[in-house]
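Close look at the chain arrangement
As a plain string of letters, each chain reads:
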Amino acid sequence: MALSDKPASPYLVLARKYRPQSFESLIGQDAMVQTFANAFRTGRIHHAFILTGVRGVGKTTTARILARAFNYVDETGPHPTLDLASEGEHCRAIIEGRHVDVMEMDAASNTGINDIREIIDSVKYGPVSAPYKVYIIDEVHMLSNQAFNGLLKTLEEPPPYVKFIFATTEIRKVPVTILSRCQRFDLRRVPADLMTTYLDGILGREGVSCAPDALSMIVRAGEGSVRDCLSLLDQAIAHGGGEVSAQTVQSMLGLADRGRIIDLFEALMSGNIVAALDGMRSLYDSGADPQAIVGDLADFTHLVTRLKVVPASADDPGLTPDEKSRGSAFADKLGMRILTRTWQILLAGINEVAHARNAIQTAEMVLIRLAYAADLPTPDEVIERLRDNPADSGHAPVSHGSLPPRGAPGSVQSAVRSAPSIDPAPSGAPRAVAAPESLPQPASYTDLVALAAERRDLVIRHALEADLRPVSFEVGRIEVALEETANPAIIATLSARLKTWTGRPWMISVTTEKPAVPTLREARAAQEQERLSAAHDDPLVKAVLETFPGARVVNVRVRDDLQSGEMPDGQDPDITGIDPEEN
C-alpha cells in the first residue's frame, strides 16, 4: 500500500451503525418515552432509574440517550430536554462514550464493593463540565450483596448533580431495597410488525434486497430483540452476498422451509408415517437441524391451537400466507385433544433430540410416536365405539344391557358393595350427628377416624388407621389390639384427645391376643384389591385393555358413588380409570 493511500474505514455492524441516538429513533417503547416526556416537561425528574427487559431491546441505548437529555446545553444554556434533534454542547462526546461526566460500568466484571466504593467517593465531587454526573451501571444484578449495601445510602440521598441509571435483564435478582429507590421502566419486546417495518427501512438505506419470507424468518428468530434482529440481518447479508433470500436465511439458521414443515405436519396428522419420514430426511439432507425441525413442528402446533382458540391470530403480520391459510384449515379440522397431545409429544421430543447421541434417529422416533398417536382415541371414546360396534374388538356384543346389573354377583359394583364393612356402629345404634353447639359423640370406630381427621390430628388418625385393630366399640369404651410397631403411649394420648374432643372420659383397653379383624388400612387395601379384581373380570374393561396393549387399570369408580358425588377413599373423581400410556 502506498503511503498516500488512506486505509479503508473499518466496517461498522448494523447494530452499531443504526443505534438510536434520540428517543425519536427508539422503536417499540412508546409508553416509556411518554413517561419521560411528561417528567421532563413538568420538571419531575427522578435521580435514579432502573431499566429492565430482555437482551437487545434498548436498555443501554436508553441510558445513553437519557444521559444526553440530562446534560443538554445549547446557546440558551443548560436545560434538560428530550428534544435532541440538534446536537448540544456535550452530545457528541456522550454519544461516542468519551464524556468525563458520564461514566459507564459493567457490573458483570466489576461486582465487588471496591468498584462501588470508587463511585461513592467520586460522587462527592461535582461534574467537570456538564450539568450532571451520570452513572450508568449495566447488568446491575451482578453486583455482590456488599456492593449493593454500599450503594444504598448514596442512592437514597445523592447530591443534586448526580443521576443513576441501572440496566438489567434479571430484575428479580436486584434487592428490593435498591428497587424501592429507583423509578422502574420495563422495556418491551418489539412487535413483529414494527420490527419488520424497521428492518425493511434499514435494508432500503443499505441498498439490499430481501425476500419477505426471509425477513419474516429473521424477525421470528430475533424474538423481539432489535439487536438480535440486526445481527441476524447483518449475517444474512454477508451470507447471501448482498442479497437476502429465504433459502439463505434457512441455511444460515438451520431452519426448515415453513411450507415443508406444514407438509410434514399434515402427514403426521393423517398418520402417513412413510411421507413423514421422507419429509424429515429431505429437510435434514437440505441442512435443517433435527431439533429445529421438531421445534418448528411444535411452533406450528401452537399456531394451529391458537388459531382454533383465537381466529383473529391469523392477522399477525409475522405469519406467512401458508401459515395463515393452512393453519386456519387445520384449526377447523383438528380437535383440541389431538392438538394438545401433539404439543406434549413434540415438547418432550425437543428435549430428547437435544440430548440424543444421534439426533436424526431420535427425531424420527418422535415422529413415529406422533404419527401413531395423532388419532389415537381416548378410553372413553373406545368404550363408546365398543358399545356401538362390538365387532371391532373381536368380543361378543358389549352394551349397557349386557353389563352386569348393579349389585349383581361378579360385577364391579357388587364386589365393592359386598366388601365387608370395616367397623359399623352396633346394631340399632344411631349415627350421632353433633348439633352445632354440642360436642361430637362418635358412635363407631370409623367415626373416631373422621373426628381425628376433622381436628387435623395426623398422629391420632394414623394410629387409628394403621397401629390399632378394633375389637369392640361402645360409646365411652373401646377395646383394641396394638400392632407390633405401635407406640404403647398412643393409648393414653388417644384417651386424652377423646376426652378433650367429646367432653367425656373414654376407657380404652388393650387385648394381648391378635384378633382376626384387620386394621382400617389393611381393610381398605383389601377392598381396593377386590375392586380391581372385579374390574378385570368386567367384559367391557377386558375389551378396553385388549384395545390398548400394555394399559392397566389404575383405579375403580362405582356408578352409585359417582351419582351421589361420593368417591372411594383417596380417589379423585377426575382421575381416569385406565392408563393407556403405561408400557
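What you see is a predicted model, and the numbers here were worked out from it, not measured in a lab. (Residues numbered from 1 in each chain as written. Predicted model: local features only at pLDDT ≥ 70, side-chain atom pairs only at ≥ 80, totals over all residues. Heavy atoms only, no water.)

Along the backbone of the protein chain there are 25 helices and 14 strands. Counting all 583 residues of the protein chain, 44% fall into the buried class. The long-range share in the protein chain, meaning contacts at least 24 apart out of those at least 6 apart in sequence, stands at 70%. With an accessible surface of roughly 30,700 Å², the protein chain has 51% of that area assigned to carbon and sulfur atoms. (Helix = DSSP H or I, 4+ residues; strand = E, 2+ residues; numbered from the N terminus. Buried < 20%, exposed > 50% of the residue type's maximum accessible area, 1.4 Å probe, protein only. Contact = heavy atoms within 4.5 Å. Areas by Shrake-Rupley, 256 points an atom, 1.4 Å probe, with all protein chains shown as cover.)

Before going further, it helps to examine helix α15 (residues 321-333). An ideal rise of 1.5 Å per residue puts 18 Å on 13 residues; α15 measures up with 18 Å between its terminal C-alpha atoms. Those residues of α15 that sit buried are E323, G327, F330 and A331. Elements in contact with the buried residues of α15: α9 (212-222), α12 (258-269) and α14 (290-309). (Expected span 1.5 Å × (residues − 1).)

Moving on to the pattern of salt bridges. The full count for this structure, using the stated rule, is 20 salt bridges. When the shortest N-O distance is used, the salt bridge between R220 and E323 registers 3.1 Å. Of the two residues, R220 is situated in helix α9 and E323 in helix α15; the sequence distance between them amounts to 103 residues. The partly exposed category is assigned to R220, whose relative accessible area is 30%. (Salt bridge = Lys/Arg side-chain N within 4 Å of Asp/Glu carboxyl O.)

Turning next to the nonpolar core. Ranked by internal contacts, the top residues of the largest apolar core, which has 37 residues, are L264, F265, L268 and L297. Those elements that place two or more of their residues in this core are α12, α13 (273-285), α14, α15, α16 (336-354) and α17 (359-373). Sorting elements by how many residues they give to this core places α14 first, with eight residues. Ignoring any residue separated from it by four or fewer positions in sequence, one finds L264 in contact with A276, M280, L283, I293, L297 and L367. (Core = buried A, V, L, I, M, F, W, Y, C linked by side-chain atoms within 4.5 Å.)

Right, let's get into the confidence of the model for the protein chain. Looking at the protein chain, pLDDT values average 81 and 82% of them are 70 or higher. Here residues 394-437 is modelled with pLDDT under 50, and outside its nearest four sequence neighbours on either side it reaches 68 contacts, counting other chains as well. Low pLDDT, under 50, characterises residues 562-583; the stretch is placed with 45 contacts to residues that sit more than four places away or in other chains. (pLDDT = per-residue confidence, 0-100.)

For the rest of this paragraph, the subject is the pairing of strand β4 (residues 102-106). Sheet topology note: the β4/strand β5 (residues 133-138) ladder contains five bridges and is parallel. Each bridged residue has a counterpart across the sheet, and for M105 the counterpart in β5 is I137. As for the winding sense of the linkage, the β-α-β connection from β4 through helix α5 (residues 113-123) to β5 is right-handed. (Pairing = 2+ DSSP bridges. Right-handed = clockwise from strand over helix to strand, strands pointing away.)

Further remarks concern unusual backbone geometry. Peptide bonds are trans in most cases, and residues, glycine excluded, mostly fall at negative phi. One non-glycine residue, E223, lies in positive phi territory at about 55°. Turning to its location among the elements, E223 is positioned in the loop between α9 and α10 (226-239).

Our focus in this paragraph is the packing of aromatic side chains. One pass over the full model with this rule turns up 13 aromatic pairs. Each ring, one from F265 and one from F330, has its centre 5.1 Å from the other, and the planes form 80°; the classification is edge-to-face. Of this pair, F265 sits in helix α12 while F330 is found in helix α15, placing the two residues 65 residues apart along the sequence. Above the plane of the ring of F70 lies K163, whose end atom (NZ or CZ) is 5.6 Å from the centre. (Phe/Tyr/Trp six-rings, centres within 6.5 Å; stacked < 30°, edge-to-face > 60°. Lys NZ or Arg CZ within 6 Å of the ring centre and 35° of its normal.)

This part is about the environment of L51. Within the secondary structure, L51 sits in strand β1 (residues 48-52). Through-space distance from the C-alpha of L51 to that of R184 is 6.1 Å; in sequence the pair is 133 residues apart. Those residues in contact with L51 that sit more than four places away from it in its chain are M32, K59, T62, A63, I165, F166, A167, T168, F185 and L187.

Now for empty space enclosed by the protein. Inspection of every chain in the model, using the stated rule, returns one cavity of 30 Å³ or more. Considering only enclosed or pocket space, the largest cavity measures out at about 40 Å³ in volume. As for the largest cavity, its lining consists of F36, A39, F40, R44, I45, H46, F49 and Q183. Considering every element that reaches the lining of the largest cavity, the biggest residue donor is helix α2 (residues 30-42), with three residues. (1 Å grid on protein atoms, 1.4 Å probe; cavity = no way out; pocket = protein on both sides within 12 Å on 5 of 7 lines; lining within 4 Å. Points joined across faces, edges and corners; volume = space filled by probe spheres on them.)

What follows is about the sheet that holds strand β12 (residues 507-511). Read from one edge to the other, the open sheet built from three strands follows the order β10-β11-β12, with strand pairing classed as mixed. The outermost strands of the open sheet, each flanked by one partner alone, are β10 (468-474) and β12. Each strand of the sheet is rotated relative to its neighbour by a mean of 25°, with strand direction disregarded. Here β10 runs beside strand β11 (residues 477-482); their pairing, made up of six bridges, is antiparallel. What sits directly across from S472, in β11, is E479. Sitting on the sheet, helix α20 (residues 445-454) is in contact with β10 and β11, with an inclination near 110° to β10. (Axes fitted to C-alpha atoms, helices over the stretch in contact; angles between N-to-C directions.)

This part takes up the sheet that holds strand β7 (residues 183-186). Pairing within the open sheet is parallel, and its five strands lie in the order β4-β5-β6-β1-β7. Since the sheet does not close on itself, it has two edges, and those belong to β4 and β7, each with one partner. The average undirected angle you get between the axes of adjacent strands in this sheet is 15°. In this structure, β1 lies alongside β7, joined through four bridges in parallel fashion. Bridge pairing links I50 to R184 in β7. Strands in contact with helix α6 (residues 145-156) are β1 and β6 (162-168); relative to β6, the strand with the most contacts, it is inclined by about 135°.

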